[in-house]
Amino acid sequence: MLEETKKTLLNSPIVHFGDYNYFVNPITDGIPTMKPQVLLEITEVIQKNFNLNVDKIVSVEAMGIPLATSLSIATNIPSLIIRKRNYGLPGEVTIHKYTGYAESNLYVNDLKAGDRILLIDDVVSTGGTLINLIKGLRQIGVDIVTCIAVIDKGEGKLIVEKETGCKVDTIVKLHVDKGKVVIDKIIGE
């Protein structure tokens, strides 16, 4: 299980943004090339292990798009992408986000109070994106049934759970040591 995903993670180059060790990976960055098997493995694990009794699968551009799309196709649950561009549509909600290395706005369309969602993101590292998303979606009145970050790096998952009270499910726990990705835990192993 997750054999291709493990290989991809272990071969990730590391880039430094100040003191922040950023691993470059198809799941988190779209480079190097994403093998279809990686998305199939991740989708299968999600289907087997998490609550999918939801109205919509919601993610954030850019790297949430392939995850939400793959899961949507496999489950026949509609997907929706929170965008980095303001469209000015009626009811559009702006969420300010900040991470360990960037700050920006996200724009939410076509979600309303009572919508039951699965929120999926590629990685939780500093927690900034998920904290702001969860708080913003709750202000809309959205019910976050399941929240998944495929990769858990650092203390981000714990920070998000402490700040929001929302449980964050993850598939792979890893850290960077001496310029290499080290896998600490994989779901089911």
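Residues numbered from 1 in each chain as written. Predicted model: local features only at pLDDT ≥ 70, side-chain atom pairs only at ≥ 80, totals over all residues. Heavy atoms only, no water.

Caption draft 1: Highlighting the sheet that holds strand 4 (residues 79-82). One open sheet holds the six strands; their spatial order is 4-3-7-8-9-10, and the pairing between them is mixed. Each having just a single partner strand, strand 4 and strand 10 (180-186) make up the two edges of the open sheet. When the angles between neighbouring strand axes are averaged without regard to direction, this sheet yields 25°. Relative to strand 8 (residues 143-153), strand 7 (residues 116-124) runs parallel, the two being bridged by eight bridges. Across the sheet, the residue bridging to arginine 116 is aspartate 143, located in strand 8. Together, strand 3 (56-60), strand 4, strand 7 and strand 8 form the strand contacts of helix 5 (residues 128-140), whose direction differs from that of strand 7 by roughly 165°. Contacts between helix 6 (residues 156-164) and the sheet are confined to strand 7, strand 8 and strand 9 (169-177), with strand 7 contributing the most and set at about 145° to the helix. (Pairing = 2+ DSSP bridges. Helix = DSSP H or I, 4+ residues; strand = E, 2+ residues; numbered from the N terminus. Axes fitted to C-alpha atoms, helices over the stretch in contact; angles between N-to-C directions. Contact = heavy atoms within 4.5 Å.)

Caption draft 2: Region of interest: the nonpolar core. Residues Leu9, Ile42, Ile46, Ile120, Val150 and Ile171 are the most contacted members of the largest nonpolar core, which totals 29 residues. Contributing elements (two or more residues each) for this core: helix 3 (36-49), helix 4 (64-75), strand 7, strand 8, strand 9 and strand 10. Considering each element in turn, this core owes the most residues, five residues, to helix 3. With residues near it in sequence (within four places) discarded, isoleucine 46 still touches Leu52, Leu71, Ile120, Ile148 and Ile171. Grouped together as the second largest cluster of nonpolar side chains are 24 residues, Ile82, Leu106, Val160 and Val168 included. (Core = buried A, V, L, I, M, F, W, Y, C linked by side-chain atoms within 4.5 Å. Buried < 20%, exposed > 50% of the residue type's maximum accessible area, 1.4 Å probe, protein only.)

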